[in-house]
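The lines below spell out each chain.
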Amino acid sequence: MLGFTKSKPKKDIEKRPAGKSRISIFFEIFFRKFWSICKLNMLFSLIAIPAFVILFFITGILSASITDFITNTIIPRLGSDTDIELFKIYMHIGFCLILSFAYIAFLGVGPITAGFSYVLRNYAREDHSWMCSDFFYNSKINFVQSIIVFIIDALVFLAVNISFSIYSAMPAPLSYIKYAVLFFALMYLMMHLYIYPLMITFKLSLKDIYKNAVLLAFAEAPKNILLLIILLIVHFIIPFNLLTSGYVMILLPIYILLEIFGFIGLSGFMVSFFTYPSINMLIDASEKIYNPDDEE
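Residues numbered from 1 in each chain as written. Predicted model: local features only at pLDDT ≥ 70, side-chain atom pairs only at ≥ 80, totals over all residues. Heavy atoms only, no water.

**Here's the deal with the pattern of salt bridges**
1) Next: All chains considered together, the criterion is met by five salt bridges.
2) Next: The shortest N-O distance in the salt bridge between D127 and R125 comes to 2.6 Å.
3) Next: A salt bridge links D208 to K211; its shortest N-O distance comes to 3.7 Å. A residue pair is termed a helical-turn pair when its members lie 3 or 4 positions apart in one helix, as D208 and K211 do in helix α9 (residues 206-219) at three residues.
4) Next: The class for K211 is partly exposed, based on a relative accessible area of 39%.
5) Next: A cluster of three or more residues bridged by salt bridges with shared partners is formed by E28, R32 and E126. (Salt bridge = Lys/Arg side-chain N within 4 Å of Asp/Glu carboxyl O. Helix = DSSP H or I, 4+ residues; strand = E, 2+ residues; numbered from the N terminus. Buried < 20%, exposed > 50% of the residue type's maximum accessible area, 1.4 Å probe, protein only.)

Here it is as C-alpha cells:
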C-alpha cells in the first residue's frame, strides 16, 4: 500500500496553537500565497495550451447535441433580433471552453499537473518551493506515470460520456444503468483528488497509486464530495449560468481570464490543503518502514 516518500514534510502547520481551525489556517495561507498561486496558474495555463486544444476538440464532438438543446431552449426568450446562427456558434465555443477548463480542474493534464500539484502541495503545508524549478523538475520526474494517467483519464472520460448517452436512450430497466455510470464517475473524480498528490509524494507504482486513491476516496467521502461540489460550482455551474444568460459575448472572455489567471490554481490549492492531512497519515506510516538502502 505504501511507498517511500519523495520528500519529508515540515510540521509548520502543527506548530500553531492547537485550537486554530483548519479553515482559519487555510485562509491565512491562502491570502499570503494568493499572488504566488495566481502566477503559478498563469505558468500552468501557458504550458497547458497544447493539451487544452486537444481537449477543446474532444469536448466539441461530445457537446454538439447539448449545445443544440441549450440554444433551442434559450433563443425563444432572446427575441427575433438575435442572430441565431452566430449565437449558436458562441454557445458551442463557450460550452467547449467550460468543459475543457472543468476537465483540467477535475482531472488534470499529465506531467504539468504533477509539477503544478507539487508546488501547490508545498504551499499548502508551508514548505518552501521554487516555483519554476520545482514545477518543471517534478513534471519531468513524474513524466511517464502522469502521461499514463492522462491517457487513462481521456479514455474514462470518453467511456463515461458514451455509456451515459447509450443507456439514457434505452428503455427501462436498462436505462437505470446510467445511474451506475454516474456513480462510477463520482468515485473516479473523488479518486482524482488524490492521484497526483500521491504520485508526487510517494514512490509508488501506478497500481498502488490507484489503490490508495480508491481507499482515500471512500475513507474521506464526505470531505471529497464537498470539495467536488465546490469545484463543480466554480468550474461548471457558474460559467454555465453566465453562458446561458444571453450575454455570452461579454461574459465569456471574463470567465476565460478568471480561469487562466486564478481559478484553476486557487481550486488546486484548496484541494491540496484539505486532502493533504489524509496523505500526511500515509507519510507518517511510510516513514516507520523507510529503509534508505532501498532507494539505490
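The structure having been displayed, the exposition proceeds.
**Some thoughts on the confidence of the model for the protein**
Should pLDDT be low for a region, the predicted coordinates there are not to be read in detail.
1) Next: Averaged over all residues, the pLDDT of the protein equals 82, while 80% of them reach at least 70.
2) Next: Mean pLDDT in the protein bottoms out at strand β1 (residues 4-5), which sits at 54, and peaks at helix α2 (residues 34-47), which reaches 94. (pLDDT = per-residue confidence, 0-100.)

**Digging into the nonpolar core**
1) Next: Ranked by internal contacts, the top residues of the largest apolar core, which has 75 residues, are L40, F44, V109, Y123, F135 and F269.
2) Next: For this core, the element with the highest residue contribution is helix α8 (residues 177-201), accounting for 13 residues.
3) Next: Beyond its immediate chain neighbours, meaning those up to four positions away, L40 contacts F116, V119, L120, Y123, M131 and F135. (Core = buried A, V, L, I, M, F, W, Y, C linked by side-chain atoms within 4.5 Å. Contact = heavy atoms within 4.5 Å.)

**Observations concerning the packing of aromatic side chains**
1) Next: Applying the stated criterion to the full structure yields 22 aromatic pairs.
2) Next: Over the ring of F273 we find R22, and its NZ or CZ is 3.9 Å from the ring centre. (Phe/Tyr/Trp six-rings, centres within 6.5 Å; stacked < 30°, edge-to-face > 60°. Lys NZ or Arg CZ within 6 Å of the ring centre and 35° of its normal.)

**A closer look at the environment of I148**
1) Next: Structurally, I148 can be placed in helix α7 (residues 143-168).
2) Next: Given a relative accessible area of 35%, I148 falls into the partly exposed group.
3) Next: A sequence separation of 58 residues divides I148 from L206, and the C-alpha atoms of the two residues are 8.7 Å apart.

**Observations concerning helix α6 (residues 131-141)**
1) Next: Within α6, the full set of buried residues consists of M131, D134, F135, N138 and S139. Along α6, the residues classed as buried sweep out an arc of 125 degrees about the axis, all on the same side. Residues of α6 that are exposed and angled more than 90 degrees away from the buried face: Y137 and K140.
2) Next: Residues of α6 that are buried in the fold lie against α2, α5 (111-124) and α7. (Arc of directions from axis to C-beta.)

**Some points on unusual backbone geometry**
1) Next: With an omega dihedral of 5 degrees, the bond running from A172 to P173 counts as a cis peptide bond.
2) Next: Mapped onto the elements of the fold, P173 is located in the loop between α7 and α8.
3) Next: A positive phi angle is found at E126, which is not glycine, with a value near 60 degrees.
4) Next: Within the element layout of this structure, E126 appears in the loop between α5 and α6.
5) Next: The exposure class assigned to E126 is buried, which follows from its relative accessible area of 16%.

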